[in-house]
Amino acid sequence: MLRQWSGQSGQAPGDREPEPAAEELWESEMERLCASRAPVRTLPYAMADKRFIRQLREPEGVKTSCWQSWQRRRQMAGRRLREAAQRLARGFGLWEGSLYEIGGLFGTGIQSYFTFLRFLLLLNLLTVLVTASFVLLPLAWLHPRDPGPTMNLTLQCPSSHQPQTGVPKFHNQLWNVLTGRAFSNTYLFYGAYRVGPEGSAAYSIRLAYLLSPLACLLLCFCGTLRRMVKGLPQKPLLDRDYRVPLSAKVFSSWDFCIQVREAATIKKHEISNEFKVELEETHRLQQVQQQSPTQRACHLLSYLRVNVLIGLLVVGAISAIFWATKYSQDNKEESLFVLLQYLPPGVIALVNFLGPLLFVFLVQLENYSPNTEVNLILIWCVALKLASLGMFSFSLGQTVLCIGRNKTSCEPHGYNACDYQCWENSVGQELYKLSTFNFLLTVAFAFLVSLPRRLLVERFSGRFWTWLDREEFLVPKNVLDIVAGQTVTWMGLFYCPLLPLLNSVFIFLTFYIKKYTLLRNSRASPRLFRASSSTFFFQLVLLLGLLLAVVPLGYVVTSIHSSWDCGLFTNYSAPWQVVPELVALRLPPPGQRALHYLSSHAFSFPLLVTLSLVLTVCVSQSRANARAIRGLRKQLLWQVQEKWHLVDDLSRLLAELDPGEYPCPES
């Protein structure tokens, strides 16, 4: 195009002279392109035109400096290297092929669950990397001196209470592995970390052990918040006034680069699922618009009824978990103690298994939209999961730390030293058992429930087997299971530092187990939903789980006396006391005064005012951007309408002209 224009500007004398308007347009365009500093590769021209523009910017006889040439070559090499790295990352991306297959066959809603699994796996691996870098490697490299014998404290315990020892009563190696007793003297639990008093060493293992869980939680919070905010801009696009027309999806959805039959089949399913979601949402929107006030009132009453019933179920489940944990911890001397060890995880697993199924049954009795069903079930499953974990933590706090209880064995040391000499290990073993039991339940349900159900349905025929059918893959239930496991992992960062490594293995295996269950043992859900409507809620649920883990961990670190028999903080009233001790030992007086000022109220007040001003500016800027977006949308609509009016006028003018008066193609 551009080269043709340039050729016409220098035509032979016998050729037709170019029009003045075209020549003026050509000159203005050339001046703009020569003066522009935009990269040539970003200009909307063909490759030959881009070469011509580069020649115009660098005319013959004008040589660029060596610095400019080197800088241009460096930018081009860096750009090609980044593109190659991105292609390599996409080629070696974890589970990319599986995610593409699942998204094509079952829709993006179910695909979002498996994408969420991959995100949690990356978070756990990042946590393991931080712990290994700042605690395990320095501990192995520095070889800190032995702390010596522990404090010889005399415990005034009742005769019916015998302190726990490290020797298990049940001599079964498999059972010891399942309960965590086999690893009680390893770095998996808090009690195995021992160093001497703080001295002149340049690196403090105690401080690293204390701050590593906090840093991991902060990194997980930032990653989850970034992922949640990243999905926010997609939600306004789902507004009914600005959706992509269905005709555009029909004519532009196919990928003509596909050459493999399997990929073509997956793409067909993906397009079909997208059309189903679009048509179902349009139909649901029309039904809502056609509802009368009476129908809306009935719909609201049914919504309240379902929520009240589910709320009663949640209260009953929380009560069952509280009494099961209390009974298990209060009956340690009985002969059934081995079985009672898994009573709290068993009750929690049973409640979390039956609860979502009852929620789904109650919600599906009503005529809700798929997105409403998913969000409603998720809300109550969140309440059930997090409340059950919160009640489990509170019950452990009552038993181990005597929170809310007056007990003689807790008065001298601040915890139940008669039953739990190393209470951090005991809490870590409880969380270890809970995480292990959740994974074992996932495996058992996949191969002992879903698989036999599918085989029976395929083997027998009849009305009952037709009604039973294969199980439906419930995204809310599966998401809440994995969020509960991740919350338990975050709760155990201080008591069981390597629990994220174990949870990474569980998540990796869970991906393939759930994929097998979905592809072989499950049926496609007849009610599809968008991934963008659920991904944001998944991250919100994960943030709530993170908050549930941070609150008890912060309380324990700052207020609870450490065990006198094991661990890094045997001589401290609370683990956080190591921070002021190291500040007094390591920092000079000006640094101590600065740190004291940063932690005082004199600094918090101006900081709060500054944050308020920044928040006000951000909110104002967000509202201004929203107004600008609305204005641009109106302008876009006006331009489209103007173009349609021009097309109508042109069509009317062409209809009025005679066929002989039509302009020839050359003109």
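All figures in this text were calculated on a predicted structure; none of them were measured in a lab.

## Some words on the overall build of the protein
No. 1: When its secondary structure is counted, the protein shows 22 helices and 2 strands.
No. 2: Taking all 667 residues of the protein together, 37% fall into the buried category.
No. 3: Surface summary for the protein: the accessible area is close to 39500 Å², and the carbon and sulfur share equals 63%.

## Brief notes about the confidence of the model for the protein
No. 1: Mean pLDDT over the protein stands at 76; residues scoring 70 or higher make up 75%.
No. 2: For the protein, helix α1 (residues 2-9) is the element with the lowest average pLDDT, namely 51, and helix α18 (residues 499-521) is the one with the highest, namely 93.
No. 3: Below a pLDDT of 50 lies the segment residues 8-16, which in the model reaches 5 contacts outside its immediate sequence neighbourhood of four places, other chains included.
No. 4: Residue range residues 159-171 is modelled with pLDDT below 50. Its contacts to residues more than four positions away, or to other chains, number 18 contacts.

## Observations regarding the UniProt feature "transmembrane region" (unreviewed entry) in the protein
No. 1: This chain's UniProt record puts "transmembrane region" (unreviewed entry) on residues 119-141, 207-229, 303-324, 336-365, 377-397, 492-513, 534-555 and 602-620.
No. 2: With 100% helix and 0% strand, the stretch residues 119-141 has end C-alpha atoms that lie 32 Å from each other.
No. 3: End C-alpha atoms of residues 207-229 are separated by 32 Å, and the span's content is 100% helix alongside 0% strand.

## Notes on a nonpolar patch on the surface
No. 1: Together, L94, V505, F508, L509 and Y512 line one region of the surface with nonpolar side chains, adding up to about 400 Å² of accessible area.
No. 2: Examined against the element boundaries, V505 turns out to sit in helix α18.
No. 3: Residue class for V505 comes out partly exposed when judged on its relative accessible area of 42%.

## Let's talk about the packing of aromatic side chains
No. 1: This structure, assessed with the given rule, holds 27 aromatic pairs.
No. 2: A ring pair is formed by F569 and Y572, whose centres lie 6.2 Å apart and whose planes are at 70°; its orientation type is edge-to-face. The same class applies to F569 as to Y572, namely buried.
No. 3: One aromatic cluster is present, built from ring pairs that chain together Y187, Y190, Y193, Y209, W423, F494, Y495, F569 and Y572.

## Here's the deal with a positive patch on the surface
No. 1: A cluster of basic residues, R623, R627, R630 and K634, forms a positive patch on the protein surface.
No. 2: Turning to its location among the elements, K634 is positioned in helix α22 (residues 601-656).

## Side note on the nonpolar core
No. 1: Judged by nonpolar contacts, the single largest core of 98 residues is most densely connected at F114, F116, W423, W490, F494 and F569.
No. 2: No other element matches the 13 residues that helix α6 (residues 108-142) contributes to this core.
No. 3: Counting 5 residues, the second-largest nonpolar core is a separate cluster that includes L33, L43, F52 and I53.

Here is what the cut-offs are and how they apply
Residues numbered from 1 in each chain as written. Predicted model: local features only at pLDDT ≥ 70, side-chain atom pairs only at ≥ 80, totals over all residues. Heavy atoms only, no water. Helix = DSSP H or I, 4+ residues; strand = E, 2+ residues; numbered from the N terminus. Buried < 20%, exposed > 50% of the residue type's maximum accessible area, 1.4 Å probe, protein only. Areas by Shrake-Rupley, 256 points an atom, 1.4 Å probe, with all protein chains shown as cover. pLDDT = per-residue confidence, 0-100. Contact = heavy atoms within 4.5 Å. UniProt positions renumbered as here; feature names shortened; annotations may be inferred. Patch = residues over 30% accessible without salt bridge, like charges linked within 9 Å, V, L, I, M, F, W, Y side chains within 5 Å. Salt bridge = Lys/Arg side-chain N within 4 Å of Asp/Glu carboxyl O. Phe/Tyr/Trp six-rings, centres within 6.5 Å; stacked < 30°, edge-to-face > 60°. Lys, Arg positive; Asp, Glu negative; His and termini not counted. Charge placed at Lys NZ, Arg CZ, Asp CG, Glu CD. Core = buried A, V, L, I, M, F, W, Y, C linked by side-chain atoms within 4.5 Å.

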